[in-house]
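Here is how the chains run, residue by residue.
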Amino acid sequence: MSLSLVAVALSWALFGLTFRRYQGRPSLHNALYSLGLFLFALAVSAELLAKLLGAWNPFLYRLWYLAGAMHGVTFLGLGSLALLNPKLARGLLWVLLPFILYGLFLVASAPLDFSRLPFPHAPLGQAFPEPSLTSPRLWTIPFNLLGTVLMAGVALYTTLLFWRRNPLRAQGTGLIFLAAMVLASTSTLNRFGVVGLEEAGRAFGVALLYLGVVLADRSVQYASRRA
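Rules used throughout
Residues numbered from 1 in each chain as written. Predicted model: local features only at pLDDT ≥ 70, side-chain atom pairs only at ≥ 80, totals over all residues. Heavy atoms only, no water. Helix = DSSP H or I, 4+ residues; strand = E, 2+ residues; numbered from the N terminus. Buried < 20%, exposed > 50% of the residue type's maximum accessible area, 1.4 Å probe, protein only. Contact = heavy atoms within 4.5 Å. Areas by Shrake-Rupley, 256 points an atom, 1.4 Å probe, with all protein chains shown as cover. Bend = angle between axes of the 7 residues up to and from the residue. Axes fitted to C-alpha atoms, helices over the stretch in contact; angles between N-to-C directions. Left-handed = near helix turned anticlockwise from the far one by under 90°. Nonpolar A, V, L, I, M, F, W, Y, C, P; charged D, E, K, R; others polar. Polar contact = N/O pair within 3.5 Å; in protein donor to acceptor, adjacent residues only side chain to side chain. Core = buried A, V, L, I, M, F, W, Y, C linked by side-chain atoms within 4.5 Å. 1 Å grid on protein atoms, 1.4 Å probe; cavity = no way out; pocket = protein on both sides within 12 Å on 5 of 7 lines; lining within 4 Å. Points joined across faces, edges and corners; volume = space filled by probe spheres on them. Phe/Tyr/Trp six-rings, centres within 6.5 Å; stacked < 30°, edge-to-face > 60°.

(A) Here's a closer look at the overall build of the chain. The secondary structure content of the chain amounts to 8 helices and 0 strands. Across the chain, helices and strands are ordered from the amino to the carboxyl terminus as α-α-α-α-α-α-α-α. In the chain, which comprises 227 residues, the proportion classed as buried is 47%. For the chain, restricting intrachain contacts to residue pairs at least 6 apart in sequence, the fraction spanning at least 24 positions comes to 69%. A total accessible area of about 11200 Å² is found for the chain, and carbon and sulfur atoms account for 70% of it.

(B) Representation of helix α3 (residues 58-70). Along α3, the helix axis deviates most sharply at W64, where the bend reaches about 25°. Along α3, the residues classified as buried are L60, Y61, W64, Y65, A67, G68, A69 and M70. Each element contacted by the buried residues of α3 is listed here: α2 (28-53), α4 (74-84), α5 (86-109) and α6 (136-161).

(C) Layout of the environment of S185. Residue position: S185 is located in helix α7 (residues 167-191). Its relative accessible area of 40% is what places S185 among the partly exposed residues. A C-alpha to C-alpha distance of 9.9 Å links S185 and G205, two positions 20 residues apart in sequence.

(D) Representation of the packing of α4 against α6 within the structure. Taken N-terminus to C-terminus, the directions of α4 and α6 make an angle of 40°; their axes are 7 Å apart at the nearest point. For the pair α4 and α6, the sense of crossing is left-handed. Note on element contacts: α6 touches α4 through F143, G147, L150, M151, V154 and Y157, opposite T74, L76, G77, L78, S80, L81 and L84. Looking at the contact of α4 with α6 residue by residue, the class counts come to 9 nonpolar, 4 polar and no charged.

(E) Up close: the side chain of S45. On the secondary structure map, S45 appears in helix α2. For S45, a relative accessible area of 16% puts it in the buried group. From its side chain, S45 meets the backbone oxygen of A41 in a polar contact 2.7 Å long. Once you skip the residues sitting within four places of it in the chain, S45 turns out to touch V8 and W12.

(F) Focus on the nonpolar core. Counting 31 residues, the largest nonpolar core has W56, Y61, W64, Y65 and L117 as its most contacted members. Elements with a minimum of two residues in this core: α2, α3, α4, α5 and α6. No other element matches α3, which puts 7 residues into this core. In this structure, Y33, A152, A180 and V182 belong to the second largest nonpolar core, which totals 15 residues.

(G) Main features of the layout of surface pockets. Counted as a void, the second largest pocket has a volume near 410 Å³. In terms of lining, the second largest pocket is formed by 23 residues, of which the most central are R21, Y33, L83, I176 and A216. If one sorts the elements of the lining of the second largest pocket by residue count, helix α8 (residues 198-226) sits on top with 5 residues. Each residue belonging to the lining of the second largest pocket can be placed in one class, and the counts come to 12 nonpolar, 7 polar and 4 charged.

(H) Broad picture of the packing of aromatic side chains. The full count for this structure, using the stated rule, is 16 aromatic pairs. A centroid spacing of 5.8 Å and a plane angle of 25° characterise the contact between F15 and F19, whose relative ring orientation is stacked. Of this pair, F15 and F19 both sit in helix α1 (residues 2-24), separated by 4 residues, roughly a single helical turn. F19 sits in the partly exposed class, given a relative accessible area of 34%. With 6.5 Å between their ring centres and 25° between their planes, Y102 and F105 make a pair best called stacked.

Here it is, written out as structure tokens:
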């Protein structure tokens, strides 16, 4: 439970940090990062509330699934792409929008059967019907894959690009890459029924993400002052 509290606190702190950055420097990538981190914070908060209540209720479960299981990294990945190529990111967002809305419809309308879960507050998608075109469980796969590839790929590319020119920024984006890998691994293990690691994985992943964003942000501020 303590690790869940850490993940929730860090998630909201990171959202606040990114949203303030968006307010100071409005841009597509800051807007997408803020949205992605807001959804992530909602998801970990819903998961913690389910644990405190001892079981999921329909509202919390659907909120957790939409914000976390389906779109935990979708908008973070798009935000990473927008940092390199805003036009491409904007175009991809428009392409994805119908699928995002369809996923929202499925999460809101698909029947739930909590008896399929191994325990009442299990953070698993098994309460929804088996994966199919009309089940939300199928649509988490492409969204998570795309978001993780974009987020990790851009972070790795930026780390290599700034390794010599701006070591502090490279360290920050390197931590963001590691965070993407930790969060993706946790979600993958969870999807295959390996439960019990999600608290530690999410807490560690969010901590890495928080430190990475702080370092990268400081490097940009330092470079601006020197300029």
